[in-house]
Amino acid sequence: MDKKRGMANVIVSVSFRMILLVANIVVRRFVIQYIGNEVNGLNSLYVSLLDFLSVAELGVGSAITFCMYKPIVEGQNEKVSALYGLFTKLYLIIGGIILVGGLAIMPFLKILAKDYQTLDVNLYFTFGLMLASVVLSYTFSSKTSLINAHKNNFITAAVASVGQLLQDGLQILVLLLTRSFTWFLVCRVIAVCLQWAATEIIARYKYGDIICCKSKPDPETKKEVTKNVKAMFMHKIGGVLVNTADSLIISAFIGIVVLGKYSNYTTIMLSMTSVIMLCFSPLTSVIGHMYVEEDIAVTQKYFSFFHAFNFFLGMVFFLGYYAVIDNFVTILFGDGLTLPRMVAFVITLNYFIQFMRQCILLFRDATGTFYHDRWKPIAEGIVNIVLSILFVLVLPDAYNVVGVIAATILTNLFICHIVEPHVLHKYVLQHSAKQYYIRNYLYMAMFAVCLVALHFCMVDLPNQWIELLANGGIAVGIAIVPCAILVLGNKNFRHYIKVVFGKIGNKLQGRSKE
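Residues numbered from 1 in each chain as written. Predicted model: local features only at pLDDT ≥ 70, side-chain atom pairs only at ≥ 80, totals over all residues. Heavy atoms only, no water.

Participant: Would you mind going over the overall build of the protein with me for this structure?
Facilitator: What the protein contains, in helices and strands, is 21 helices and zero strands. The buried share of the protein, reckoned over its 514 residues, is 53%. Taking as baseline every contact in the protein between residues at least 6 positions apart, the subset at least 24 positions apart corresponds to 84%. For the protein, the accessible surface area stands at approximately 22700 Å², while carbon and sulfur atoms represent 67% of it. (Helix = DSSP H or I, 4+ residues; strand = E, 2+ residues; numbered from the N terminus. Buried < 20%, exposed > 50% of the residue type's maximum accessible area, 1.4 Å probe, protein only. Contact = heavy atoms within 4.5 Å. Areas by Shrake-Rupley, 256 points an atom, 1.4 Å probe, with all protein chains shown as cover.)

Structure, rendered in structure tokens:
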């Protein structure tokens with residue numbers, strides 16, 4: 001495995017993500033302070049709707065990027081060029097489909113945005129601006145994937161991150177000067193246009209020969225791409241139905257005021273998870289190349305390590321999230337925006353359970369096993385929506401939000417965590433998933449026990465900052481126990497920890513001698 005390229009991708013991605021985490025929270029604080037939590041909820045609704053429309057992407061990116069790995073390794077630039085050309089055409093069509101879908105949704109905005117009457121906002125124009133920014137992003141998606149397929153994820157991460165930081169800066173300036181949601185969204189369009197220009201320049205400089213070649217894919221390649229795209233289409237539908245359904249149901253059945261509060265919690269959660277997920281996603285192309293070049297035993301070894309690493313990260317970060325989230329929301333966004341403690345509990349449990357899929361998803365995307373579990377996400381999405389609506393209608397008002405999140409937990413536990421590991425072990429790792437199931441459900445049970453213990457050990461103090469530090473320290477103390485058990489009980493994990501710290505020590509020793 002190309003460890004140096006993998007580390008470069010992870011380090012650059014994580015560094016930028018940490019900066020973006022702070023910037024995004026600052027922007028949200030300005031939104032709430034200058035134009036209100038209701039507009040904050042409306043913005044979250046728009047994001048969820050456009051995530052729903054992104055199902056038109058069909059998973060083309062993952063499917064074709066995977067198909068590029070082998071010809072890149074073998075130096076078949078003509079075949080890479082053919083895939084790039086196919087990719088470009090497909091994304092132009094996809095952008096058009098998303099545009100039409102967004103325009104079709106517009107008449108229903110007043111139904112989906114419950115309590116919108118309290119806002120002095122043009123729903124149609126502001127949603128149109130958000131739609132335009134998404135459609136424009138598809139004009140350079142093919143070049144982004146071409147760069148990523150060559151294991152240069154750090155380049156695309158830098159371009160996207162700088163563009164996002166520019167957008168955040170412009171949005172803060174606009175809020176200070178105009179207090180306008182409309183101009184706030186115009187900044188998104190400007191930032192996407194600048195990312196487009198930067199990606200175009202970099203791609204043509206590095207891979208101009210591939211872009212200009214204009215080769216056409218052979219029938220066998222088209223067949224392989226079509227097969228993977230169909231499978232990824234189903235995965236995309238399932239992901240959209242699960243990941244956007246919660247916000248849409250909360251908005252339509254409970255209201256955008258509650259959605260605004262809920263989105264504050266999930267924004268911090270997603271900011272955190274987007275950072276720690278960068279320990280996985282930038283490695284997709286590296287592991288894809290390794291799978292093509294190395295023996296299956298090497299893939300099995302790395303999978304075992306990443307599963308243990310998945311749990312290690314999740315235990316530390318998600319317990320920490322639960323310990324400090326209420327204090328964070330109050331400090332960052334203001335008083336009166338916290339949700340009941342039970343809601344924070346189920347949000348934490350839900351995202352940890354979803355996060356424990358990262359190792360499986362990393363190796364699935366890297367090895368191209370999209371086809372074999374193509375029906376799973378459809379079942380997952382349907383079950384999630386049915387259960388969410390059922391819980392909202394049946395449970396008392398005080399438990400509505402908890403019921404929506406509980407539906408997602410159940411679908412992840414009893415569909416995703418069963419089907420996805422079976423497929424990967426059968427078609428890639430080539431051995432039974434039994435041991436994985438035991439470890440994985442044991443990991444999740446250990447986290448649930450630690451989360452309950454943390455809930456009862458947390459303290460209430462008069463000062464927000466002191467309470468945050470105290471509860472954060474308690475969370476770290478509780479997390480140490482299962483992490484220590486993992487390190488002592490997993491020989492493969494200990495080996496890689498020693499290797500990593502050994503290299504760091506050698507580098508530090510070398511610098512001190514200099």
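Structure shown, so let's carry the discussion forward.
Participant: Just to check I follow, could you spell out the pattern of salt bridges for this structure?
Facilitator: Two side chains of opposite charge can pair, provided their charged atoms sit close to one another. Tallied over the entire structure, the rule returns six salt bridges. Asp326 is paired through a salt bridge with Arg341; the nearest N and O atoms lie 2.4 Å apart. Taken together, the positions of Asp326 in helix α14 (residues 296-333) and Arg341 in helix α15 (residues 341-355) put the pair 15 residues apart, joining distant regions of the chain. With a relative accessible area of 18%, Asp326 lands in the buried category. For Arg341, a relative accessible area of 22% puts it in the partly exposed group. Here Arg357 ties to Glu420 by a salt bridge, and the two come within 2.6 Å at their closest N and O atoms. (Salt bridge = Lys/Arg side-chain N within 4 Å of Asp/Glu carboxyl O.)

Participant: Mind showing me how you'd approach the nonpolar core here?
Facilitator: Considering soluble globular proteins, one finds that nonpolar side chains tend to be buried as a cluster. Phe306, Phe318, Leu319, Ile347 and Phe363 are the most contacted members of the largest nonpolar core, which totals 112 residues. With 19 residues, the single largest contributor to this core is α14. Excluding its chain neighbours within four sequence positions, the residues that come into contact with Leu319 are Gly314, Phe447, Cys450, Leu451, Leu454, Ala475, Ile478 and Ala479. If you look at the next biggest cluster of nonpolar residues, it comprises 16 residues, including Ile72, Val80, Tyr84 and Leu146. (Core = buried A, V, L, I, M, F, W, Y, C linked by side-chain atoms within 4.5 Å.)

Participant: For this particular structure, what's the right way to read the side chain of Thr126?
Facilitator: Counting through the fold element by element, Thr126 comes out in helix α6 (residues 123-137). Here Thr126 falls in the buried class, since its relative accessible area comes to 0%. Within the local environment of Thr126, its side chain forms a polar contact with the side chain of Tyr46, the two groups lying 2.8 Å apart. When near neighbours in sequence (up to four residues on either side) are disregarded, Thr126 contacts Tyr46, Val121, Phe181, Thr182 and Leu185. (Polar contact = N/O pair within 3.5 Å; in protein donor to acceptor, adjacent residues only side chain to side chain.)

Participant: Is there a simple way to think about the packing of aromatic side chains in this case?
Facilitator: By the definition in use, this model includes 16 aromatic pairs. Look at Phe30 and Tyr34: their rings are 5.7 Å apart centre to centre, the planes differ by 10°, and that puts the pair in the stacked class. Remark: Tyr34 and Phe30 occur in helix α1 (residues 3-35); sequence separation between them is four residues, near one turn of the helix. On the basis of relative accessible area, Phe30 is assigned to the buried category, the value being 18%. What links up through ring pairs into an aromatic cluster is the set Phe303, Phe305, Phe306, Phe309, Phe363, Tyr436 and Tyr437. Its end group placed over the ring of Tyr322, Arg341 keeps NZ or CZ at 4.1 Å from the ring centre. (Phe/Tyr/Trp six-rings, centres within 6.5 Å; stacked < 30°, edge-to-face > 60°. Lys NZ or Arg CZ within 6 Å of the ring centre and 35° of its normal.)

Participant: What is the right way to look at the environment of Asn384 in this model?
Facilitator: As for its placement among the helices and strands, Asn384 is situated in helix α17 (residues 376-394). Overall, Asn384 belongs to the buried group, its relative accessible area being 0%. Once the C-alpha coordinates of Asn384 and Ile405 are considered, the two residues, 21 residues apart in sequence, prove to be 9.3 Å apart. In terms of polar contacts, Asn384 uses its side chain to reach the side chain of Thr408, at 3.0 Å.

Participant: How should I be thinking about unusual backbone geometry in this particular structure?
Facilitator: When glycine is set aside, most residues are seen to have a negative phi, and most peptide bonds are trans. Look at Arg179: it is not a glycine, yet its phi comes out positive at around 55°. Mapped onto the fold, Arg179 is located in the loop between α8 (153-177) and α9 (181-213). A relative accessible area of 52% means that Arg179 is categorised as exposed. We note that Gln430 has phi near 60°; this positive angle belongs to a residue other than glycine.

Participant: What's the story with the environment of Thr266 in this structure? I'm lost.
Facilitator: One can find Thr266 in helix α12 (residues 256-276). As a C-alpha pair, Thr266 and Ala344 span 78 residues in sequence and 9.6 Å in three-dimensional space. For Thr266, the side chain forms a polar contact with the main-chain oxygen of Ser263, separated by 3.2 Å.

Participant: Would you mind showing me how to read helix α7 (residues 141-149) here?
Facilitator: Note on helix geometry: an α-helix contains 3.6 residues per turn, so any two residues three or four positions apart are oriented the same way. α7 sits mainly inside the fold: eight of its nine residues count as buried. Listing the buried residues of α7 in full gives Ser141, Ser142, Lys143, Ser145, Leu146, Ile147, Asn148 and Ala149. Note on α7: the residue one or two positions beyond its end, Lys151, has a positive phi of about 70°.

Participant: Could you clarify how one ought to interpret the side chain of Asp168 in this entry?
Facilitator: Within the fold, Asp168 resides in helix α8. Buried Asp168, no salt bridge; nearest opposite-charge side chain is Arg188, N-O distance 8.3 Å. Discounting chain neighbours no more than four positions away, the residues touching Asp168 are Leu20, Ala23, Asn24 and Val27. (Lys, Arg positive; Asp, Glu negative; His and termini not counted.)

Participant: When you look at the layout of surface pockets in this model, what are you seeing that I'm missing?
Facilitator: Over the atoms rolls a probe the size of a water molecule, and its path tells where empty space is left. Counted as a void, the second largest pocket has a volume near 420 Å³. Every element with two or more residues in the lining of the second largest pocket is listed here: α1, α12, α14 and α20 (464-489). Of the residues forming the lining of the second largest pocket, the biggest block, seven residues, is contributed by α14. Each residue belonging to the lining of the second largest pocket can be placed in one class, and the counts come to 16 nonpolar, two polar and no charged. (1 Å grid on protein atoms, 1.4 Å probe; cavity = no way out; pocket = protein on both sides within 12 Å on 5 of 7 lines; lining within 4 Å. Points joined across faces, edges and corners; volume = space filled by probe spheres on them. Nonpolar A, V, L, I, M, F, W, Y, C, P; charged D, E, K, R; others polar.)

Participant: Sorry, what's going on with a nonpolar patch on the surface here?
Facilitator: The grouping of Phe253, Leu390, Leu393 and Val394 at the surface amounts to a nonpolar patch, some 400 Å² of accessible area in total. No other element matches the three residues that α17 contributes to the nonpolar patch. Relative to the assigned elements, Val394 resides in helix α17. Judged by relative accessible area, Val394 falls into the exposed class, the value being 59%. (Patch = residues over 30% accessible without salt bridge, like charges linked within 9 Å, V, L, I, M, F, W, Y side chains within 5 Å.)

Participant: For this particular structure, what's the right way to read the environment of Ala158?
Facilitator: Mapped onto the elements, Ala158 comes out in helix α8. It is 7.1 Å that separates the C-alpha atoms of Ala158 and Phe16, two residues lying 142 residues apart in sequence.

Participant: Please clarify how helix α16 (residues 358-367) should be interpreted in this entry.
Facilitator: Counting buried residues along α16, ten of its ten residues qualify, which places the element largely inside the surrounding structure. Among the residues of α16, Gln358, Cys359, Ile360, Leu361, Leu362, Phe363, Arg364, Asp365, Ala366 and Thr367 are the ones counted as buried. Once α16 finishes, Gly368 follows within two positions and takes phi at roughly 75°, a positive value.

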